[in-house]
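Structural overview for review
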Amino acid sequence: MPTEFTSLDDLSIGLNELSESGEKDLFYSPVSDGTTIIAVQYDQGVILGADSQTSRGRQLVSTKTRFKLARLHERIFCGTSGRCADSKAVLEVIKNRLHLKGIIEDSAPRVRVAAHIASKLCYEHRNNLETSLIIGGWDPVEGPQVYAIPIGGMMTQLPVAAGGSGSTYIYGYIDSMYKPGMSREECIRFVSNCVSLAMSRDSGSGGVIRLVAIDKDEANRMVLAGDEIPKFYQG
Amino acid sequence: MGLKHKPNVKTGTTIAGLIYKDGVVIGADTRATGGSIVQVKDCDKVHYIADNIYACGAGTAADLHQVANMISAQIRLHSLNTGRKPKVATAATMARRHLFKYQGYISAYLIFGGCDDDGSHIVCVDANGFTRVEKFTSQGSGSLAALSVLSTRFKLNLEREEAMNIVTDSIAAGILNDMGSGGIVNLCVITRDKTQYLKHHRVVSSKGVMGDY
C-alpha cells in the first residue's frame, strides 16, 4: 500500500553499491532546473515569475514546459530551483504540513508559516537536498510577503528575491530597475523583463515566462510565450 | 585472463510515447547490453502495470523489472481497495516515492502510459524521483534520436495509424543511430476500452538484409 509521504526521514543512505552503474551518462544524470525564478512584492500583492525549462547535465533540455511556480495554498505560491526530484519531494511535504496546519488552526495559513515550514524542512535535510525556494503570497495578517529560502535552509524576507542559475545575470538589472512603490502593472512588466533577460543569457533557462499575480482577491496565472516575451538587444 | 564479464545488464534503450486522439502509444526497442556486449537481443521493455497502464523502462534491467513488478502489485491492491480502475498518476507517484527514497541508486527511468477515467496520460519518472507529464516524450540513450522524430512529426489529435508510425519511426531512429539500442520495435496502444500489446511490431534491421533507411 502506498504510504503517506509526510516526512523525509526515510531518505536512504548506506546503499552505496546497489547498482554498479557508475557511469554518469548524460541521459542518466539528475534533472535539474536551470531556472530563473523571481518574486516582487508591491503594496497590494506579490508577482512571481519563472521560466519553464529543465535540463539534464547542462547540455540536454529535459522539458520546455515545466510549471515551476507551485501552488502551496490559495494565496501562497512557491518557485523552486535546483534538483527537480528534490523540489517535488519538498513541495509535497510542505503542502501537506501547511494544509494540516490550516485545518488544525481553522484559518488560512500565513505566508510566514509556509516559509518557516519550508526552511525548517530544507535545513533539517540540508545534507541531502539540493533545492532552493522562493515563497510569495498574501495573507490577511501581514499582507503581501516574499521569502527567499536558498540551499541550506536559511529564510529571509525580502521585497524582491531572485533565484536559480539565471538570477546571477539579472542582479544588476534588479538593482537598477527595482523601486519600492511600483504598481501591479509595473511589477508584472519588471518581472517579465527580468525573466526574459535571464533567459537570453542563461543556457539553463528558456521556454515560456510563467507568471502568478497574487493579491487579496485572486491568484492569477499567466503565460507569456513566443512574441509576447519582452525583447531586448539581441546583439 | 580472458574477457572480464560485466555483470550489470543495462538497457541502453530507446523508449518513447505519445498521446493521440483516442489514447496513448508507447514503444521500446529490445536490446539489453552489459558493457559493450549485447546480452539480450529480444528483451521486453514494455512492462505490464495494469490492464490500462503500461510502462516502458530504461536503466538497469534488474531494477526495472523489480520496480515494474512492485508497482504492478501495489496498483492491483490499490485498485481492489478503492474499487476503481487504476490511474496513471497513482502508478507514477508510487514509482516516484520509491525511487526518491533510494536517491537515484535504483536506476529506473520509466515512461508510464495509460488511459484512465481522467483521460489519456504519459508520465515520465526519473531514477531520482522527478515526474513530469508530457504529450510526447522519450528516454534512454537513444532518446535524442527518438525525440528529433517525435518533435518534428507530433501534432495534437493524431489518428491511430499515424501515431503508431511516429512512435515506431522514433524508436527506429534510436535503434539505427544509438549503439545501446537495437532489435525490434515493441509497441503498446492503449485506449479507453482496449489495450493492444504489439510485440515485434516492426523489424528495423535484420542480419544480411539491406534496409532502405
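Scroll up for the structure.
This section reports on the structure supplied with the text. (Residues numbered from 1 in each chain as written. Chains lettered and ligands numbered in written order. Predicted model: local features only at pLDDT ≥ 70, side-chain atom pairs only at ≥ 80, totals over all residues. Heavy atoms only, no water.)

On to a nonpolar patch on the surface, then. Residues and elements named next belong to chain A. A cluster of nonpolar residues, L100, I103 and I104, forms a patch on the protein surface that exposes about 330 Å² of accessible area. Here L100 lies in helix α1 (residues 84-105). Classification of L100 as partly exposed rests on a relative accessible area of 47%. (Patch = residues over 30% accessible without salt bridge, like charges linked within 9 Å, V, L, I, M, F, W, Y side chains within 5 Å. Areas by Shrake-Rupley, 256 points an atom, 1.4 Å probe, with all protein chains shown as cover. Salt bridge = Lys/Arg side-chain N within 4 Å of Asp/Glu carboxyl O. Helix = DSSP H or I, 4+ residues; strand = E, 2+ residues; numbered from the N terminus. Buried < 20%, exposed > 50% of the residue type's maximum accessible area, 1.4 Å probe, protein only.)

Residues and elements named next belong to chain B. Most of strand β12 (residues 184-191) is tucked away: eight of the eight residues are buried. Every second residue of β12 is oriented toward a common face, with I184, N186, C188 and I190 on one face and V185, L187, V189 and T191 on the other, all of them buried. Here strand β3 (residues 23-28) pairs with β12 via six bridges, running antiparallel. Bridge pairing links V24 to I190 in β12. Of the strand pairs in this sheet, β12 and strand β13 (residues 195-203) are connected by six bridges, and their pairing is antiparallel. (Pairing = 2+ DSSP bridges.)

All names here are of chain A. With 27 residues, the main nonpolar core has L72, I76, V90, I94, L133, I135 and I149 as its most contacted residues. Secondary-structure elements contributing two or more residues to this core are β6 (69-73), β7 (76-83), α1, α2 (111-124), β8 (131-139) and β9 (143-149). Of all the elements, α1 adds the most residues to this core, at eight residues. Excluding anything up to four places from it in sequence, I94 contacts L72, A114, I117, A118, L121 and L133. With 24 residues, the next largest nonpolar core counts Y173, I209, L211 and L224 among its residues. (Core = buried A, V, L, I, M, F, W, Y, C linked by side-chain atoms within 4.5 Å. Contact = heavy atoms within 4.5 Å.)

For the rest of this paragraph, the subject is the packing of aromatic side chains. Counted according to the given criterion, the structure contains five aromatic pairs over all chains. Judged by centre distance (4.8 Å) and plane angle (35°), the rings of B:F136 and B:F154 are tilted. One end of the pair, B:F136, is in strand β11 (residues 136-139); the other, B:F154, is in the loop between α3 (143-153) and α4 (160-177), with 18 residues separating them in the sequence. B:F154 gets classed as buried once you look at its relative accessible area, which sits at 15%. Taken together, the ring pairs in this structure connect A:Y173, A:Y178 and A:F190 into an aromatic cluster. The residue whose ring lies beneath A:R126 is A:Y123, and the NZ or CZ to ring-centre distance is 4.1 Å. Its guanidinium or amino end placed over the ring of A:F67, A:R210 lies 4.0 Å from that ring's centre, counting from NZ or CZ. (Phe/Tyr/Trp six-rings, centres within 6.5 Å; stacked < 30°, edge-to-face > 60°. Lys NZ or Arg CZ within 6 Å of the ring centre and 35° of its normal.)

Residues and elements named next belong to chain A. Ordered by their spatial adjacency, five strands build an open sheet running β11-β2-β3-β12-β13, and the pairing between neighbours is antiparallel. Of all strands in the sheet, those with a lone pairing partner are β11 (160-163) and β13 (219-224), marking the two edges. For this sheet, the mean angle separating the axes of adjacent strands, direction not counted, is 10°. Judged from the six bridges that link them, strand β12 (residues 209-215) and β13 form a sheet pairing that is antiparallel. Paired with I214 across the bridge in β13 is A219. Strands β2 (37-41), β3 (45-50), β11, β12 and β13 of the sheet are contacted by helix α4 (residues 184-201), whose axis makes an angle of about 155° with β12. (Axes fitted to C-alpha atoms, helices over the stretch in contact; angles between N-to-C directions.)

This part takes up the environment of A:S205. Residue and element names in this part refer to chain A. As for its position among the elements, S205 is in the loop between α4 and β12. For the pair S205 and T35, spaced 170 residues apart in sequence, the C-alpha to C-alpha distance is 4.8 Å. Once residues lying within four places of it in the same chain are set aside, the contact partners of S205 are G34, T35, T36, D51, Q53, S165, G166 and M199. In terms of polar contacts, S205 uses its side chain to reach the side chain of T36, at 2.9 Å. (Polar contact = N/O pair within 3.5 Å; in protein donor to acceptor, adjacent residues only side chain to side chain.)

Right, let's talk about the side chain of B:S170 for a bit. Locating B:S170 in the fold gives a position in helix α4. Setting aside residues no more than four positions away along its own chain, B:S170 makes contact with B:T14, B:A16, B:A146, B:V149 and B:L150.

Residues and elements named next belong to chain A. With 22 residues, α1 ought to run about 32 Å at 1.5 Å a step, and its terminal C-alpha atoms sit 31 Å apart, in line with that. Buried within α1 we find C84, A85, D86, S87, A89, V90, L91, E92, V93, I94, L98 and G102. After α1 finishes, the residue D106 shows a positive phi value of roughly 55°. (Expected span 1.5 Å × (residues − 1).)

Here we come to the sheet that holds β3(B). Backbone-to-backbone hydrogen bonds pair the strands of a sheet. The strands run either parallel or antiparallel. All names here are of chain B. Strand order in the open sheet formed by five strands is β11-β2-β3-β12-β13, and the pairing between neighbours is antiparallel. The two strands at the open ends of the sheet, each matched to only one other strand, are β11 and β13. Across this sheet, the average inter-strand angle for adjacent strands is 15°, counted without regard to direction. Strand direction decides the pairing type here: strand β2 (residues 15-19) and β11, joined by four bridges, are antiparallel. Bridging across to β11, I15 finds its partner in Q139. Running at roughly 165° to β11, α3 makes contact with β2 and β11 of the sheet. In the packing of α4 onto the sheet, the strands contacted are β2, β3, β12 and β13, and the crossing angle to β12 comes to about 150°.

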